[in-house]
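In case you want the letters, here they are:
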Amino acid sequence: MENELDDSVSMPKVTGWLTEVEGIQDEVNSVLQSIAANNKKRCGGFFSCCQWSRELAKTLEKVQMLQKEGNSIISMAAANRKAHAVEHMPGPSVENQSTASQNLARIMDLLNDDGVKSIGVWGMGGVGKTTLVKNLNNKLENASSAQPFGVVIWVTVSKDLDLRRIQMQIAHRLNVEVKMEESTESLAVKLFRRLKRTGKFLLILDDVWKGIDLDALGVPRPEVHTGCKIIITTRFLDVCRQMKIDKRVKVQILNYDEAWELFCQNAGEVATLKPIKPLAETVTKKCDGLPLAIIIMATSMRGKKKVELWKDALNELQNSQPENIPGIEDQVYRVLKWSYDSLQGKNMKSCFLFCSLFPEDFSIDISELTKYWLAEGLIDEHQTYDNIHNRGFAVAEYLKDCCLLEDGDPKETTVKMHDVVRDVAIWIASSLEHGCKSLVRSGIRLRKVSESEMLKLVKRISYMNNEIERLPDCPISCSEATTLLLQGNSPLERVPEGFLLGFPALRVLNLGETKIQRLPHSLLQQGELRALILRQCSSLEELPSLGGLRRLQVLDCSCTDLKELPEGMEQLSCLRVLNLSYTKQLQTFAARLVSGLSGLEVLEMIGSNYKWGVRQKMKEGEATFKDLGCLEQLIRLSIELESIIYPSSENISWFGRLKSFEFSVGSLTHGGEGTNLEERLVIIDNLDLSGEWIGWMLSDAISLWFHQCSGLNKMLENLATRSSGCFASLKSLSIMFSHSMFILTGGSYGGQYDLLPNLEKLHLSNLFNLESISELGVHLGLRFSRLRQLEVLGCPKIKYLLSYDGVDLFLENLEEIKVEYCDNLRGLFIHNSRRASSMPTTLGSVVPNLRKVQLGCLPQLTTLSREEETWPHLEHLIVRECGNLNKLPLNVQSANSIKEIRGELIWWDTLEWDNHETWSTLRPFVRAMASHPGQL
C-alpha cells in the first residue's frame, strides 16, 4: 500500500477500474434477470438456487475487490491533490504599526535571501509574534508576484510539544491520509517523502516552547532540502539556539503612539472623552507597549464612562491585583506566568521573583543583583567569587533569553523588568506560601511603613525608593523575612533599636541612600546577615561593632562619611566583598584588619581618603601595600596609592593573583565603583614621571591613563629602553593634559618589537605640544596594527595624525576616528617623505575597515586621505565646522555601506566631486546639522 501511495494516480488506472465496475454491473444484472425469468416459470428447484448462490458469491467477491481498489485510488488522488499554496490566517492587521511593519519587512527580506534557511521570531509573551507571522502568511497569500513557495504550512505547536499532533496538522495541510494505528515513525517517513516531492515549501511553527527534532517530525532539513524554509515563533532565545536558527528577529514592544492608537481602537471613543482620557493614557502607559495587555485592558473598559471605574481599574493594575479586571488574570497574567513555569534550573524562579522587588523601569545592576542572590542562598556560596560573579551574569542572561528580563542602561551592565512582567511576578510572589511570598511597595512615594502589611510569612520586603521618614519603633514579627530593602528613602534619618528585632532571619539589609547617621546596636543580633548595604549614606560617620555578624559576606560602605572602621571587623572571616570606595573621610585602615579578613576576595577603595603605601611612609599600625599580600583569596583590588611603588621596596609577588585591579596614583579616579571583574586599570595623575619606572604596573594592565603628568618624554624613553619585552595585555592608552613635546632626546628607538602590540584604543586630549601621533609611535615602536578606536581632542599644534614616513601605513583594524578642536590639523594621514610620494597610486586604503569618522572644529583641515583613496566600509561620517574640507574619500559604491552623512548643508553644497553621479547617489544619506559649538 505504501508503494501505491508513492505512485502518481494515472488516468489509465482510473479508466480500467471504471471499465471493471461496468463489467461487474453487467454480470449482476444478468444474474438478476435469470432469477426473475425462472421465478415466472416456477422451475429449477433446489439445484438452480444453489447455482445462483455460487454465482452471486463470486460476484460479491469481485465487488468487494473493486471497492477496495476504488478506496485506494481515492486515497492516492487525495494524497497527490495539490494543496492550496497559502491558507488565510484570521487575525488583526499590523499595517498601521510602524514597528511591526518594519519587522514584517525584515522577515520578508530574510525569506527572499537564499542564504537564510530558518528564521526565529522571538519575544515576550503577548508581544505580537503570532500576529506578526499571521500577517506574513497572509502577505504571501496576496503576493502579486510569483508565489515563492509551493505550499505554506502553518502549525501551532504550543507548550506540551505533542509530536503526533504536529504531524497531524502537517498531514492535514498536505491532504495526506493518516491511519489511527500509524506510528509517529511511520508517519514521519510518509511526511518526509511527501514534502520532498512538494519542492519549495515554508513551514511555520508557531508558539514553540522547546527545540523540535525535524527528523523525528518528518520534515526535510532546510540546509539540505533546497527551497525549504522554516519560521518559528518562541518566547525563548534558547529554542532558536537548539534548532540552529540562521537569523533571529526579536519582536519589541510598541512605542507609546502605537500603544495609544491600539488602546483607542479596542476601548472605543470612551478613551478620548475629556474626563477619561488622562486615566486612559495612564492605563496605556502601565501596559508598557505590550499589545496583549493593551487589547485586553482596553476591551474590558470599552463603553465605561464613569471616572470612578477607570480609577478603580488603574488602582488594581498598579497594585498587581488583576482579579477584578475582566480578562486580565486569565488572558494576560496567566499567559505570562507560563514563561515563569517553564524556567529550568535550581533557584531560577526565585532569582526571577527577586527582581520584582525593584521599582518600575528601574535599571538593576547585575553585580549588585548577584550579591543579593548570593546572600539569599540562591547561588552556591562554595565557589570563588569570580565564579559567583560569572554565575550571576549567566542567570541574568538566561532570564533575558526567556524574555523575563530586558537590557537596562546600554552604558552599564544592568537589566530591568517590563512593567507587566513585573506585575505578574509580584502577583505570583504575593500568592506563594512556600517560602517566596513577597511584599513589594517600592517606588510609590510612601511616607510611612504599614505595620499591618508585614506579615509573619512574608519572605522578602521592599520599601525602596520611597519618601519614608521614620520606621516603627517596636519589633514587628517578620520571623521568615530574609530580605529587607529600604534604600532610596532620603528623608530617613534613624533606624530605631526595636525595629530590627522583628527580623531574626534577615540575610539582606539595604539602608543605602538614606540620611541615617548611625546604626542601632540591635544590628549585632542579626546573626544570619550575609549582606549589609550602606552605600551613599552620606551622613553615616560611624558603625557599631560588627564582630557578631560572623556570617557577613558583603559589606558596602561606599560614599559614606566613615572616619574609621568599627571594632570587630577583624572577626569577619567570612567577609568576601568590602566596598569602601569614595569614603572621603576615612583616616586609617589598621594592619590587623587585613590579616583578620582572611576570606576577602574583593576590596574596593578607589576614591577613598586612605592611601596605600610603603612601610616607611605609613603611620605605625596602618596597613601597607605589602600587607595586602596576606589576602590569599583576593582577586579584585581597587585602591589609591600614596606614590608609585617600586618592586625593590615591596614584595609584589602576590600581584599576579589578581584577576582585576584599579590603581590610582594621585587624585584622579575612574568615576565608577570598579565592580567590573575584567578591568585592569592604572591611573597616574599630576606626577613628574621623568625619573619613575612603572613597567611592573603595566605587566598585566589592560588600560593606562596619564593625566596632567610632566616628564612623559623621559618616562616613555625609559619604558622603551629598559623593558625586556612588550606589554602585550595593554589595550587602551589615554594621555590627557600634558605639555610634553614627545621628541626623542637620545636618538631613535632601536627596539625590534612593538611595545604595545595589542593596543586597540588610543585617546589623546589636550596635549599642547603634540605635532603628530607618529612622534608618540616612535617612542614606543608602535605599529598600531590592532588599533580600533582613535580619539584626538584639543591638541592645538597637531598637523596630522599619522605619516607614512617612507613605509607603508596600513591600519586594517581601525574602525572609529574622532578628532575635535585641533586648530592646526591639516590632514589625517600624510605622505611625509620622498619615498612615500613615489609610492604607486594603486595602493589600497590606509584604513580599509573604517566605519565611523567624527570631525569637529577643525578650521585648517583640507584632506582626509590620498587623492585616489576611498573608504569602502564607511557607515557614519559626522562633520561640523570644517570649512576647508572640500573633498571626501567616497564614490558611487559608498552607498552600499554608508548610513548617514551629518553636517551643515552649506558645507555639503561646497564639496567637490569627481562626477555628479556620486553626489546624487550619496545625497539621500545627508542629515542636516545646525552650525553651533558643542559635542557632536
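The sections below set out a description of the structure shown in this document. The structure presented is a predicted model; accordingly, all values stated were derived computationally and were not measured. (Residues numbered from 1 in each chain as written. Predicted model: local features only at pLDDT ≥ 70, side-chain atom pairs only at ≥ 80, totals over all residues. Heavy atoms only, no water.)

### Observations regarding the layout of surface pockets
Threshold: Computed over the protein atoms alone on a 1 Å grid, cavities are sets of points where a 1.4 Å probe fits but cannot get out and pockets are open sets with protein on both sides within 12 Å along at least five of seven lines; a residue lines them when it has an atom within 4 Å of a point. Grid points are joined across faces, edges and corners, and a volume is the space filled by probe spheres set on the points. Secondary structure elements follow DSSP: runs of H or I no shorter than four residues count as helices, runs of E no shorter than two count as strands, and numbering proceeds from the N terminus. In the scheme used here, Gly and all other residues not listed as nonpolar or charged are polar, with Ala, Val, Leu, Ile, Met, Phe, Trp, Tyr, Cys and Pro taken as nonpolar and Asp, Glu, Lys and Arg as charged.
Considered as a void within the structure, the second largest pocket measures approximately 820 Å³ in volume. Around the second largest pocket sit 40 residues that line it, and Val 127, Gly 128, Lys 129, Thr 130 and Thr 131 are the ones nearest its centre. Among the elements of the structure, helix H4 (98-111), helix H5 (129-141), strand S3 (201-208), strand S4 (228-234), helix H10 (256-267), helix H12 (291-300) and helix H14 (328-341) are those that each provide at least two residues to the lining of the second largest pocket. Here the lining of the second largest pocket gets 6 residues from one element, more than from any other, and that element is H5. Across the lining of the second largest pocket, the residue classes break down as 14 nonpolar, 18 polar and 8 charged.

### With respect to the nonpolar core
Threshold: For this analysis, a nonpolar core means a set of buried residues of the types Ala, Val, Leu, Ile, Met, Phe, Trp, Tyr and Cys, connected via side-chain atoms within 4.5 Å. Here's how the labels work: a residue is buried when its accessible area is under 20% of the maximum for its type, exposed when over 50%, partly exposed in between, all with a 1.4 Å probe on protein chains only. Note on contacts: a residue pair is in contact if any heavy atoms of the two residues lie within 4.5 Å.
Ranked by internal contacts, the top residues of the largest apolar core, which has 144 residues, are Phe 589, Trp 612 and Phe 706. Take this core: its biggest share by element is 5 residues, from helix H21 (residues 712-722). Once you skip the residues sitting within four places of it in the chain, Phe 706 turns out to touch Ile 684, Leu 689, Ile 694, Leu 712, Met 715, Leu 733, Ser 734, Ile 735 and Met 736.

### Observations regarding unusual backbone geometry
Its identity is not glycine, yet Cys 559 carries a phi of approximately 60 degrees, on the positive side. Structurally, the position occupied by Cys 559 is in the loop between strand S14 (554-556) and strand S15 (577-579). Its identity is not glycine, yet Gln 708 carries a phi of approximately 55 degrees, on the positive side. Within the fold, Gln 708 resides in the loop between strand S21 (703-707) and H21. The exposure class of Gln 708 is partly exposed, given its relative accessible area of 39%.

### Regarding the packing of aromatic side chains
What counts, and what does not: Here a pair means two rings of Phe, Tyr or Trp (six-membered ring of Trp) with centres within 6.5 Å. Their orientation is stacked below 30 degrees between planes, edge-to-face above 60, and tilted elsewhere. We count a charge as sitting over a ring when the NZ of a lysine or the CZ of an arginine lies within 6 Å of the ring centre and within 35 degrees of the ring normal.
In total, this model carries 19 aromatic pairs according to the counting rule given. Look at Phe 358 and Phe 362: their rings are 5.7 Å apart centre to centre, the planes differ by 15 degrees, and that puts the pair in the stacked class. Grouped by ring-pair contacts, the aromatic residues Phe 625, Trp 654, Phe 655, Phe 661 and Phe 663 constitute a single cluster. Here Lys 159 stacks its cationic end above the ring of Trp 209, 5.4 Å away from the centre of that ring. Lying over the aromatic face of Tyr 256, Lys 285 brings its terminal NZ or CZ to 5.8 Å of the ring centre.

### Considerations on the packing of H10 against helix H11 (residues 277-287)
Quick reminder of the rule: Here the axes come from fitting lines to C-alpha atoms, over the contacting stretch only for helices, and the angles between their N-to-C directions go from 0 to 180 degrees. Angle categories are assigned with fixed cut-offs, so that under 35 degrees is roughly parallel, over 145 is roughly antiparallel, 65 to 115 is roughly perpendicular, and the rest are oblique. By definition, turning the near helix anticlockwise from the far helix through less than a right angle yields a left-handed crossing, and turning it clockwise yields a right-handed one.
Contact geometry of H10 with H11 gives a least axis separation of 10 Å together with a crossing angle of 120 degrees. Relative to H11, H10 is oriented oblique. Crossing hand, H10 versus H11: right-handed. Residues Tyr 256, Ala 259, Trp 260 and Phe 263 of H10 lie in contact with H11, whose contacting residues are Lys 277, Ala 280, Glu 281, Val 283, Thr 284 and Lys 285.

### What about the sheet that holds strand S8 (residues 414-416)?
To be explicit about the condition: Here a strand pair is declared whenever DSSP counts at least two bridges between the two strands.
Taken in spatial order, the 3 strands line up as S6-S8-S7 in an open sheet, and their pairing is antiparallel. The sheet is open, and its two edges are formed by strand S6 (364-365) and strand S7 (406-407), each paired on a single side. With 2 bridges connecting them, S6 and S8 associate as antiparallel partners. Considered in S8, the bridge of Asp 365 is made with Thr 414.

### Things to note about the sheet that holds S4
With parallel pairing, the 5 strands of this open sheet are ordered in space as S2-S3-S4-S1-S5. The two strands at the open ends of the sheet, each matched to only one other strand, are strand S2 (151-158) and strand S5 (247-250). With strand direction ignored, the average angle separating the axes of adjacent strands in the sheet is 15 degrees. As paired strands, strand S1 (residues 118-122) and S5 are joined by 4 bridges and run parallel to one another.

### Digging into the pairing of S21
Burial analysis of S21 places 5 of its 5 residues in the buried class, the great majority of the element. By the alternation rule, side chains of S21 split into Ser 703, Trp 705 and His 707 and Leu 704 and Phe 706, which are all buried. Judged from the 5 bridges that link them, strand S20 (residues 680-685) and S21 form a sheet pairing that is parallel. Bridging across to S21, Asp 685 finds its partner in His 707. Relative to strand S22 (residues 732-738), S21 runs parallel, the two sharing 5 bridges. Bridging from a neighbouring strand, Phe 706 pairs with Ile 735 of S22.

### Considerations on the side chain of His 418
The line we're drawing: Distance and chemistry together define a polar contact, namely a pair of N or O atoms within 3.5 Å, with one atom able to donate a hydrogen and the other to accept it when in protein, and with adjacent residues in sequence counting only for side-chain atoms on both sides.
Here His 418 lies in the loop between S8 and helix H18 (419-431). Here the side chain of His 418 touches Val 420 through a polar contact of 3.0 Å, landing on its backbone nitrogen. The contacts of His 418, once residues within four sequence positions are left out, are Met 124, Ile 253, Cys 287, Asp 288, Leu 290 and Glu 406.

### A short note on H18
Note the threshold: What a helix is expected to span follows from its residue count: subtract one and scale by 1.5 Å.
Taking 1.5 Å of rise per residue, the 13 residues of H18 would be expected to cover 18 Å, and the 19 Å separating its terminal C-alpha atoms lies within 8% of that figure. For H18, the tally of buried residues reaches 11 of 13 residues, placing the bulk of the element in the interior. Along H18, the positions that sit buried rather than exposed are Asp 419, Val 420, Val 421, Arg 422, Asp 423, Val 424, Ala 425, Ile 426, Trp 427, Ile 428 and Ala 429. Buried residues belonging to H18 abut H11, H12, helix H13 (307-318), H14, helix H15 (348-354) and strand S9 (438-440).

### Here we look at the pattern of salt bridges
Quick reminder of the rule: Only one rule defines a salt bridge in this text: a Lys or Arg side-chain nitrogen within 4 Å of an Asp or Glu carboxyl oxygen.
By the definition in use, this model includes 37 salt bridges. For Glu 467, the salt bridge identified is with Arg 447, shortest N-O distance 3.5 Å. One end of the pair, Glu 467, is in the loop between strand S10 (460-462) and strand S11 (483-485); the other, Arg 447, is in the loop between S9 and S10, and 20 residues separate them in sequence. Among the salt bridges present, the one from Arg 636 reaches Glu 604, with a minimum N-O distance of 3.5 Å.

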